[in-house]
Structure formats: structure tokens, C-alpha cells
Amino acid sequence: MLSYLIRRLAYAVLTFFGITVAVFALIHSVPGDPTAIFFSARGRPPAAILQHIRHEHHLDEPIVAQYVWWVKGIVTLDFGKSIFDGQPVMAHIAEKMPNTFVLNLISFLVAALLGVPIGLWSATRSGRLSERASAVGFFLLYSLPSFWVALLLMQFFSVKLNVLPLFGMTSDDYLQMNAAQQLLDRVRHLILPVVTLSYAELAIFARFSKSALTEVIRQDFITTARAKGAAPAAVMWRHAFRNALIPLITLLGLTIPYLISGSVIVETIFQWDGIGRLYFDSMQQRDYPMVLGLTVTTAVITLFASLFADILYVLADPRIRFEEAR
Amino acid sequence: MRVGESIWGLTWRRFRRSKLAVIALVYVALMALVALLAPLLAAPAAPVPFGPNDVDIAHRLEAPTAQHRFGTDDLGRDVLARMIHGARISLTVGFTATAISLIVGSILGALAGYYGGAADWIVSRLIEVLLCFPFLFLVLGIVALFKPSLYTIMIALGLTSWTTEARFVRGELLRIRDLDFAHAARAIGARDARVIFRHLLPNALAPVLVSSSFGVASAILFESALSFLGFGVPIPTASWGSILAIAEEHIQHAWWLAFFPGVAIFLTVASFNVIGDRFRDAMDPRSD
């Protein structure tokens, strides 16, 4: 167990450096040095100033030295300053992260708490019409473009029925409300973004848990349990479900990048003040330190999530060892 | 299995049993035809008598009528005409991006599976790193850095989505590299490249090709998302996603701008997903 942990951690560190090399290589594969990109939108400053900027950002040093400077910054959580307002990139990310976290956590819970039971249920109805209909249903959900769903939801609930706010995180008169009204106001603003962010995730959870349970039901120990005369419900609850839930742990690591990707679209449409919208805005303003900082931060979050999921997996199922987990 | 029936014949016979899959296949074929014939379908004096960029300010933001069947956008352009031409962008990006990821994934997966050891280690780490990035962040970043265009979108999508293909091929090659026919090929003196690309890869490719239908679906979805966000094919080129971007600005009063292109994206993506799913089931030896 300990040797597994150590090896898994070593791989995580390695992957971290892989992430930094990938991002660094990407930014340096653009023709011209970073100053060329930074100033392409704003006009080039005089040569002397440019030289000063290049020196200040270590751009006049060899490429390997530049990389080392850059990684040093990342490790100390220093991603430089936003070009747009001169504030540290990390301060911006820290400010917006909680909003994205709330939105993603609620969407994740909605997707898991609805998707997993639906998936398990449909696996127990193997071969029947309801199972086949639900399989098609998952596919259709999964194929719906989220930005289109968002537009339709806004058109129906906000414009036509006028029962939910069109966008934003709180109403204009939020500060004048009492605590209960404030909570209600927040919930009302959350509904459409959460629906938009969670429906595809729900389909993934349902499909995944369905195939996990189908896999388990095929195994010998289920046949044994049935053969010794256990009631069908007991076989499902005591033997099958528990084992089917273990593979779901891997979804923890897999869905986080998926949710963050979705945040870019959902937060932009609903004007939700999180890192997805920050990423989109930074991209439009060509604020590259911000873009780099956000890319590395979200990749590292994913890295931690999958590390956590892998360790959890081994704890939940001692049969899994490092090599099999590959 | 019938006597003398090939694996593809068997797969096709099983595939046909699903009505939904056949409908999806017909729909995709129709879409491909629309994309191919777009200049003949939507142009002055064509069945849809408007070009995709024919501006008509006098008729801006008109709801569907007998003349403009899907309505007009904020510049009075015919939405149906723009959608017909948008089909070209969607399908081109879908197929090209998937082809790129198929090529990259097959080569890297084949090297990893065939040689194992260091090659396998490197490719596996590469996949691990790639999977850490939120997909849209990465694609949006690449497209924006290298200036949005049809080509950057196809390349960015292709170069970031090969991981599934690589894993598939790697697994298959690991399984078949030590079978007798592989040894036989080496025994008659074939070089590694010939063994991999002539003998092993063709035997490993069928399931990957089938699953690439999912790749096309997701590439179409992401292209429309990029266009919606304003990082897609540069305007004024018509794309389903960019019509939806205009729809967002006029959400209070122009429902048709959001409705029709969205249906087009949804049906196309769903069709490719259904086709992939049913083909996979049809090839699965565990099904009857």
C-alpha cells in the first residue's frame, strides 16, 4: 500500500512537470517571443522599453532558464500579473474560484444523485423496453449542445414565463434583502446554470453506472448468490450494487476537467462570475499571463482529483494494485 | 454468423436491425449531401433563393415566413441559407479533426503497444498529461493563440482528442503482437514498420474506426461551441454555432435564431453518436 502511494505520488509529480512543459511549449511554439503576442493587440512600445520588459521577464535568457523561472513562479503560486489591470493573476483566480466551485459542486451532486440511481435501475431492467428507451435517452441528452440548452431555457423560463432570472449571480437589490430572501435569490439564480451544466454529466453517470452494474451481474459470484437461493433484491442490494459503485470513483477524476470545460460556456452565457468566464474574458482581452495561470491551475486541480480518486479506489477495492490500475 | 460472411457483412446485418441506427445513417447521408451541394441549394435562383451572406436590412430579424422559411438574422440574412452552408463547416471540421486524431492516435498507440517499455511509458505519460487539461480550455487556448480559422480549429481538435484512439490501438497491439501471424511476418524478414503498419494495425483498426463516429460527433459539438464563443471560423462565414451567438444577443424576441441551428447541431451530433453506439454493439462478439 505504502509503496503504491509513493509510486502514485511520483507519477503525479511527473505529470505536473509534464503539464508545465506542455503549456510552456505551447506558448513558445507561437511565432515570435511572448512580448510579440502580448503587444500584438496594443501596438509595440519603443525598443528600449521592450528590452527592459524582456529583461524583467527573463525573456533574454536561454529557453531552459526561462522555463526554470516560470516553473519557480508556479510552484510558489506566482503566475505574474494580469496585463489588463496589473493585479496578480493568483488574486484574480482566488477571487473567482469559490463561485465556480459552488456551481460545479452542486451540478456534480445533482448529476451523481440522479444519474447513478437511474443508471443502476436501467441495468436491472436489461432487455426491456424501458432499458432500451433510457439508453437512447442518455445518448440524446449527451448530444444536446449546452449553449443551445442554455438559450432555450433562458427563452422559456426567463423571457416567456418570466419566473427565473435571465443571468447573473444575484439580483440588483440583493443587498436590501433579508437573509432568507438572499438565500432564495441565490437559489433562483443557480437553477438554470446548474441544469445546463449537469444534464450531460447526468447522462455520463447513468451510462457509466449502468455498464458497471451490467458487468458485475455477469460475474460468477452473482450466479453463486442466486444459486444458493438469495432473494433477487438481496442479490442486487448486498452483492451487486456495492461492487458496481466502486468504478464510479474513477469518474471523480474524469468529470472535473469536463465540468470546468462546461463552466466556460455556462458562466459566459449566464454571466456567472467564476473562472470559466474569467478565462473567456482573458482570452478576448489577450491577457496571456491570466490564460496561462488558469490553464495550469485547472490542470493541477484535475491532477489532484485523479490522484485522490486513484487512492480512494485502492482503499475501496484492495484487489486493485498499481499495475492493474494503469 | 453465416457461412462465407465477412466480419463487415455480419456487422452490417446486425447494425441494420436497429431502426434508429438506420434513420441516423440516412440523416447523416442527407446532411453530407446538403453540405456537398450547398452552393446549388442556397444561392440566388436556387431552391432556397438566398446566398448565405445576402444582407437585406429591410427584412432584418423577421420570423419564419413562406419566403424566409427559418426567418432572418440581425442583418436580414436568410437563416436557412446560412444553415445549409454551415453544414459544410460542421461536417468538414468533424471529419478532418477525427481523421487527424485517428492518425496521431493510431501511430502513437501502435508504437506504445508494439515496442512497450520506454515507448509505452512516454506515450502513457503524454496521455496522462493531456487528460489533465479541461478540453475546452486547451482547444480555446490553441485556437486563440494561432488565430481562429477553419484549419486551426481542425488541427487543435485533432491534436487534443487522440487519447481514446491511442489507448484502443495500444491495447489491441499488445494483444496481437505475439500472435503467430506477427511472428511469421517477422520470420520472413519484414521490418518493424512493415509488421506494424501492414500486418498488425489493419487487424487492430476496426473497433477504432467504429468508435471514431463518436469523435466526429464531439468535434462537431466543439466546433459549434467555439463558433458560439466567437473563436470559431471567422465571420461572416456561416456556421451553426455563430448563428446561435447572434441568437444570444436577440434572445428576448427572436426564438427562430436559436431554435433551428440548435436542432441541426443536436440531430447531427445525436446521429453520429447513435451510429457509433450501434456499430460498436454490432461488432461486439458478446452480443448475439
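Residues numbered from 1 in each chain as written. Chains lettered and ligands numbered in written order. Predicted model: local features only at pLDDT ≥ 70, side-chain atom pairs only at ≥ 80, totals over all residues.

**Comments concerning the overall build of chain B**
At step 1: On a plain count of helices and strands, chain B comes out with 12 helices and 0 strands.
At step 2: What you see in chain B, going N to C, is helices and strands ordered as α-α-α-α-α-α-α-α-α-α-α-α.
At step 3: Each principal axis of the C-alpha distribution contributes one length, and for chain B these read about 75 × 50 × 30 Å.
At step 4: Within chain B, the proportion of its 288 residues that are buried is 48%.
At step 5: Within chain B, contacts between residues separated by at least 24 positions form 69% of all contacts whose residues are at least 6 apart in sequence. (Helix = DSSP H or I, 4+ residues; strand = E, 2+ residues; numbered from the N terminus. Buried ≥ 20, exposed ≤ 12 C-beta atoms within 10 Å, placed from the backbone. Contact = placed C-beta atoms within 7 Å.)

**Let's talk about the overall build of chain A**
At step 1: Along chain A, the regular secondary structure elements total 14 helices and 0 strands.
At step 2: Overall, chain A shows an N-to-C arrangement of helices and strands of α-α-α-α-α-α-α-α-α-α-α-α-α-α.
At step 3: A buried classification covers 33% of the 326 residues belonging to chain A.
At step 4: By sequence separation, contacts in chain A at least 24 residues apart represent 71% of the contacts at least 6 residues apart.

**So, the nonpolar core**
At step 1: Met83, Val139, Leu140 and Leu244 of chain B are the most contacted members of the largest nonpolar core, which totals 148 residues.
At step 2: With residues up to four places along the chain from it excluded, the contact list for Val139 of chain B reads Ala156, Leu157, Thr160, Phe222 and Leu226 of chain B. (Core = buried A, V, L, I, M, F, W, Y, C linked by C-beta atoms within 7 Å.)

**Some remarks on the interface of chain A and chain B**
At step 1: Listed by partner, the interface residues are 37 residues for chain A and 37 residues for chain B.
At step 2: Secondary-structure elements contributing two or more residues to the side of chain A that touches chain B are helix 1 (2-28), helix 6 (129-143), helix 7 (146-160), helix 11 (248-269), helix 12 (275-284) and helix 13 (288-316) of chain A.
At step 3: Of the residues in the side of chain A that touches chain B, the class split is 28 nonpolar, 9 polar and no charged. (Nonpolar A, V, L, I, M, F, W, Y, C, P; charged D, E, K, R; others polar.)

**Remarks on the environment of Ala203 of chain A**
All names here are of chain A.
At step 1: Note on placement: Ala203 falls in helix 8 (residues 179-217).
At step 2: Remark: the alpha-carbon pair of Ala203 and Gly137, spanning 66 residues in sequence, is separated by 8.3 Å.
At step 3: The contacts of Ala203, once residues within four sequence positions are left out, are Phe138, Leu141 and Tyr142.

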